[in-house]
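Listed below, chain by chain, are the residues.
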There are 2 protein chains.
Amino acid sequence: MDVTKRPGGRSARVRDAVRQATLAELAEHGFRGLTVENVAERSGVHKTTVYRRWGNVEGLIADALELAAHEPWPVPDTGTVEGDLRGVVELVRSGFEDPELGPVSSAFVAAAMQSPEAARALHAFFEARHDQSAQVVRRGVERGELPVTVDAREVVRVAVAPVYYRLFVAHEPVSREDAGRAADAALAAARAGVL
Amino acid sequence: MDVTKRPGGRSARVRDAVRQATLAELAEHGFRGLTVENVAERSGVHKTTVYRRWGNVEGLIADALELAAHEPWPVPDTGTVEGDLRGVVELVRSGFEDPELGPVSSAFVAAAMQSPEAARALHAFFEARHDQSAQVVRRGVERGELPVTVDAREVVRVAVAPVYYRLFVAHEPVSREDAGRAADAALAAARAGVL
DNA sequence: ATCCAAAGACAACTCCAGTTGCGTTAATTT
DNA sequence: AAATTAACGCAACTGGAGTTGTCTTTGGAT
């Protein structure tokens, strides 16, 4: 989705307007209620333009996802791996509870399940997130809290996985305690040398 | 979706035909390619009938899901918790690789993200699955392999979560080794007393 | 055996997501 | 600053998902 020929000016403005409109529509009506026409109307861009450049709803989401992937996110630094990893998982959990971010994030996950394009974008997003979050594990290793053999990214995956599993697969509520327990479990496994 | 007034005869035949057709269409074209019209044609039931009884695509999936929830599934019994839990997770993983079951299972997860009705059905499905799978953990406790304080269902959740997370959220491939490691991690946490 | 009501079949219709062809605007090139 | 052309806007069109009204079938009761 990189614009090569005419990056500046009108094209860029159109793209920004559509991206903004996509996020706004997503926050309001979720993935189900996202239509190309609504995004077009909201952005002030004609619907044929949107169809030609983004193809369909999944394309819109994939593009908006790239935007989100580049936003840095606040990795905790409490002084201990336990505090940091718990912080990371809790950050994920509370993000989905947020009335603003929640629907948008959920929409990303839903869209990626139906569109290879969105799936690739989401994959890249999580690659970046895993890298950033793995930092808390690496710091723990440096402090001697964890064995040097740990796979930092894998610890992060195992820590956050139960939150996503509950939310999007089993459709169970996820409490603060659930999130903390998931972080602790990943940590216990890391300490035991299995991750 | 329980039929009270006219359970036997034509209504039951129609329901079975539609359920079968839904599963077949799902296996062939996935969730994206599932349309009410195709299911109607394949089942030999008129499309208006399908619309009136199932409402939409999500309704079809929710109904098919109930069918799947009642099918028993082979809980491993290898003699050790480690072997059993690894078996459970590997069963989940390989299920999604199966060219027949994979698309259907994926469709269930995708549908549940967009339809409260399908979400409820999937929730019930996993409740049942967790109960059945927790058996391997409870046996482990009886053998003295795990502390009596463990939450058997939670161990199962933490064990299988990384597989679903990789598949449906991060969109990474899931190897046999990844599945085994996830099971081991849950077990290590359980032994450490955090689950 | 007859009757009744619930469920299904059928055809015609509506509506809106997505498409197409063409004219217009504006960003870039020379 | 004139020319070029990619990108956008516009209006009309298409197709198919979903709806509605009505008639027919059939399961079950009397």
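Given the structure is predicted, the values throughout are model-derived calculations rather than measurements. Along each chain, residue indices are assigned from 1 in the same order as the chain's sequence is written. Ligands are numbered from 1 and chains lettered from A, in the order in which they are written. Local features in this predicted model are restricted to residues whose pLDDT is 70 or higher, and side-chain atom pairs enter the listing and the counts only when it is 80 or higher, whereas totals over whole chains, interfaces and linings include all residues. Only hydrogens and water are removed before side-chain values are computed, so all heavy atoms of the structure are retained for them.

1. A look at the packing of aromatic side chains
Then comes step 1: A pair of aromatic rings is counted whenever rings of Phe, Tyr or Trp (Trp by its six-membered ring) have centres within 6.5 Å, and the orientation is called stacked for planes under 30 degrees apart, edge-to-face for over 60 and tilted otherwise. Here the structure, examined in full by the defined rule, presents 14 aromatic pairs over all chains.
Then comes step 2: Judged by centre distance (5.5 Å) and plane angle (85°), the rings of Phe96(A) and Tyr164(A) are edge-to-face. Of this pair, Phe96(A) sits in helix H5 (residues 81-97) while Tyr164(A) sits in helix H8 (residues 152-170), and the two are 68 residues apart along the sequence.
Then comes step 3: Burial here depends on accessible area, computed with a 1.4 Å probe over protein chains only, as a share of the maximum for the residue type. Under 20% is buried, over 50% is exposed, and the range in between is partly exposed. Judged by relative accessible area, Tyr164(A) falls into the buried class, the value being 6%.
Then comes step 4: Taken together, the ring pairs in this structure connect Phe96(A), Phe125(A), Phe126(A), Tyr164(A), Phe168(A) and Tyr165(B) into an aromatic cluster. Runs of H or I in DSSP of at least four residues are treated as helices and runs of E of at least two as strands, each being numbered from the N terminus.

2. Focus: the domain arrangement of chain A
Residue and element names in this part refer to chain A.
Then comes step 1: Residue ranges labeled as domains rest on an automatic or database domain assignment. Under the domain assignment used here, chain A contains domain 1 (10-60) and domain 2 (69-191).
Then comes step 2: Using only C-alpha atoms to locate each centre, domain 1 and domain 2 end up separated by 29 Å.
Then comes step 3: Contact residues are listed per partner, giving six residues for domain 1 and 11 residues for domain 2.
Then comes step 4: When two parts are put together, the accessible area they lose, computed with a 1.4 Å probe and summed over both, is reported as buried area. Where domain 1 abuts domain 2, roughly 720 Å² becomes buried across the two surfaces, and 75% of that area is made up of carbon and sulfur atoms.
Then comes step 5: Salt bridges are defined as contacts in which a side-chain nitrogen from Lys or Arg sits within 4 Å of a carboxyl oxygen from Asp or Glu. At the junction of domain 1 with domain 2, the criterion picks out zero salt bridges.
Then comes step 6: Only helix H1 (10-29) and helix H4 (57-69) provide two or more residues apiece to the side of domain 1 that touches domain 2.
Then comes step 7: With three residues, H1 is the single largest residue contributor to the side of domain 1 that touches domain 2.
Then comes step 8: All residues other than Ala, Val, Leu, Ile, Met, Phe, Trp, Tyr, Cys, Pro, Asp, Glu, Lys and Arg, Gly among them, are scored as polar; the first ten of these are nonpolar and the last four charged. Residue composition of the side of domain 1 that touches domain 2, grouped by class: four nonpolar, one polar and one charged. Whether two residues are in contact is decided by their heavy atoms: any pair within 4.5 Å suffices.

3. With respect to helix H4 (residues 57-69) of chain B
Residue and element names in this part refer to chain B.
Then comes step 1: Between its first and last C-alpha, H4 extends 18 Å over 13 residues, near the 18 Å set by a 1.5 Å rise per residue.
Then comes step 2: Taken together, the buried positions of H4 are occupied by Val57, Glu58, Gly59, Leu60, Ile61, Ala62, Asp63, Ala64 and Leu65.
Then comes step 3: Looking at the packing, one finds that the buried side of H4 touches helix H1 (10-29), helix H2 (36-43), helix H3 (47-54), helix H6 (101-112) and helix H7 (116-142).
Then comes step 4: N-capping of H4 is provided by Asn56, with a side-chain oxygen placed 3.2 Å from the backbone N of Glu58. To estimate how far a helix should reach, multiply one less than its number of residues by 1.5 Å. In protein, a polar contact requires one atom able to donate a hydrogen and another able to accept it; more generally it is a pair of N or O atoms within 3.5 Å, and residues adjacent in sequence count only if both atoms are side-chain atoms.

4. With respect to the relation of the copies chain B and chain A
Then comes step 1: Taken as rigid bodies, chain B and chain A are interconverted by a rotation of 180° and an axial shift of 0.0 Å, the fit giving an RMSD of 0.1 Å. Interpreted geometrically, this transformation is the action of a two-fold axis.
Then comes step 2: A shared binding surface is used by both copies, with 95% of the interface residues of chain B retained as interface residues in chain A. Residues below a pLDDT of 70 in either copy are left out; the C-alpha atoms of the rest, at least 70 in both, set the least-squares superposition of the copies.

5. Quick notes on the interface of chain B and chain A
Then comes step 1: At the junction of the two partners, chain B supplies 38 residues and chain A supplies 36 residues.
Then comes step 2: A combined buried area of about 3,400 Å² lies between chain B and chain A, and 67% of that area is made up of carbon and sulfur atoms.
Then comes step 3: Interface area lost by chain B to chain A is led by Met113(B), Gln114(B) and Tyr165(B), which between them contribute 20%.
Then comes step 4: In this structure, Arg181(A) and Glu154(B) form a salt bridge, with 3.4 Å as the shortest nitrogen-oxygen distance.
Then comes step 5: Applying the counting rule to chain B against chain A returns 14 residue pairs in polar contact (both at pLDDT 80 or more).
Then comes step 6: Of all the secondary structure elements, the ones that give two or more residues to the side of chain B that touches chain A are H6, H7, helix H8 (152-170) and helix H9 (176-192) of chain B.
Then comes step 7: Broken down by element, the residue count for the side of chain B that touches chain A peaks at 12 residues, all from H8(B).
Then comes step 8: In terms of residue class, the side of chain B that touches chain A is built from 24 nonpolar, six polar and eight charged.

6. Here's the deal with the packing of H6(B) against H7(B)
Residue and element names in this part refer to chain B.
Then comes step 1: Here an angle of 0 to 180 degrees is reported between the N-to-C directions of two axes, which are lines fitted to C-alpha atoms, with helices fitted over the stretch in contact. Axis separation between H6 and H7 bottoms out at 7 Å; the angle between their running directions is 125°. In terms of orientation, H6 and H7 fall into the oblique class. Along its contact with H6, which presents Phe108, Val109, Ala111 and Ala112, the element H7 presents Ala118, Ala119 and Leu122.
Then comes step 2: Broken down by class, the residue content of the contact of H6 with H7 amounts to seven nonpolar, no polar and no charged. An angle counts as roughly parallel when it lies under 35 degrees, as roughly antiparallel when it exceeds 145, as roughly perpendicular when it falls between 65 and 115, and as oblique in every other case.

7. Things to note about the packing of H2(B) against H3(B)
Residues and elements named next belong to chain B.
Then comes step 1: Across the interface, H2 lies against H3 with an axial gap of 8 Å and an inter-helix angle of 120°. Between H2 and H3, the crossing angle belongs to the class labelled oblique. The crossing of H2 and H3 is right-handed. Across from Val36, Glu37 and Ala40 in H2, the residues of H3 making contact are Lys47, Val50 and Tyr51.
Then comes step 2: Class assignment for the residues of the contact of H2 with H3 results in four nonpolar, no polar and two charged. The hand of a helix crossing depends on one turn: near helix anticlockwise from the far one by less than a right angle means left-handed, and clockwise means right-handed.

8. Re the pattern of salt bridges
Then comes step 1: Enumeration according to the criterion identifies 46 salt bridges over all chains in this entry.
Then comes step 2: Arg157(B) is paired through a salt bridge with Glu172(A); the nearest N and O atoms lie 2.6 Å apart. With Arg157(B) in helix H8 and Glu172(A) in the loop between H8 and helix H9 (176-191), this residue pair bridges two chains. For the pair shown, Arg157(B) and Glu172(A) are each scored as buried.

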